[in-house]
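# Observations on the three-dimensional arrangement
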Amino acid sequence: MTVNSAVNGAASDALGGHPPGGDAARQARELLEQERRTHIAELGLLDGESAPDEAVMSRRGALQGNLEEIDAALARLDDGTYGLCEDCRKPVPEGRLEIIPYARRCVGCQQRRR
């Protein structure tokens, strides 16, 4: 199952989200939790650096920020809004969620925020 089918598949409600306890939500949660475990493992490796330089500190900050985004995506799963753009409320495209499973916005809305 792809992220898009998990988010925008048959279990979708009228708004494009999906019920928190459904199969689609469980699949999306698995993808996000895997991403979370990967980021935590990377942080563990960075914490082993004896003398962190700017690049290590920058990567650590990016990973911590991504973990916060993943946690927010897991919360959206719980309330049934995962996969919906937070700005326009339309479904986030499959390709975007496959690359960034914790994306909050569709590409158009994200570009307008820059």
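About the thresholds
- Counting restarts for each chain: residues are numbered from 1 in the order of the written sequence.
- Only residues with pLDDT of at least 70 are given local features in this predicted model, and only at 80 or more are side-chain atom pairs given and counted; all residues enter the totals for whole chains, interfaces and linings.
- The side-chain numbers reported here are obtained from all heavy atoms of the structure, hydrogens and water having been left aside.
- Each helix is a run of DSSP H or I of at least 4 residues and each strand a run of E of at least 2, with the numbering of both proceeding from the N terminus.
- As a per-residue measure, pLDDT tells how confident the predictor is, with possible values from 0 to 100.
- Note on definitions: a residue-residue contact is assigned when non-hydrogen atoms from the two residues lie within 4.5 Å.
- How far a helix is expected to stretch is found by multiplying one less than its residue total by 1.5 Å.
- Buried, partly exposed and exposed residues are distinguished by accessible area as a fraction of the type maximum, computed with a 1.4 Å probe on protein chains only: under 20%, between the cut-offs, and over 50%, respectively.
- Polar contact is the term for a pair of N or O atoms within 3.5 Å; when the atoms are in protein, one must be able to donate a hydrogen and the other to accept it, and sequence-neighboring residues count only if both atoms are side-chain atoms.

### Considerations on the environment of Leu97
Structurally, Leu97 can be placed in helix α4 (residues 94–99). The spacing of Leu97 and Gly83 is 14 residues in sequence and 7.6 Å in space, taken between C-alpha atoms.

### Re the confidence of the model for the protein
For the protein, per-residue confidence averages 83 on the pLDDT scale, and 82% of positions sit at 70 or higher. Per-residue pLDDT stays below 50 along residues 1–15; that stretch engages in 34 contacts with residues further than four places along the chain or on separate chains.

### Some details on helix α3 (residues 54–79)
In a regular helix each residue adds 1.5 Å, so 26 residues correspond to 38 Å; α3 covers 38 Å between its end C-alpha atoms and thus fits that length. Taken residue by residue, α3 has Val56, Arg60, Leu63, Leu67, Ile70, Ala72, Ala73, Leu74, Arg76 and Leu77 as its buried positions. Residues of α3 that are buried make contact with α2 (23–47). Between the side-chain oxygen of the N-cap and the backbone nitrogen of Ala55 there are 3.2 Å, and the N-cap of α3 in question is Asp53. Positive backbone phi, at 80 degrees, marks Gly80, one or two positions downstream of α3.

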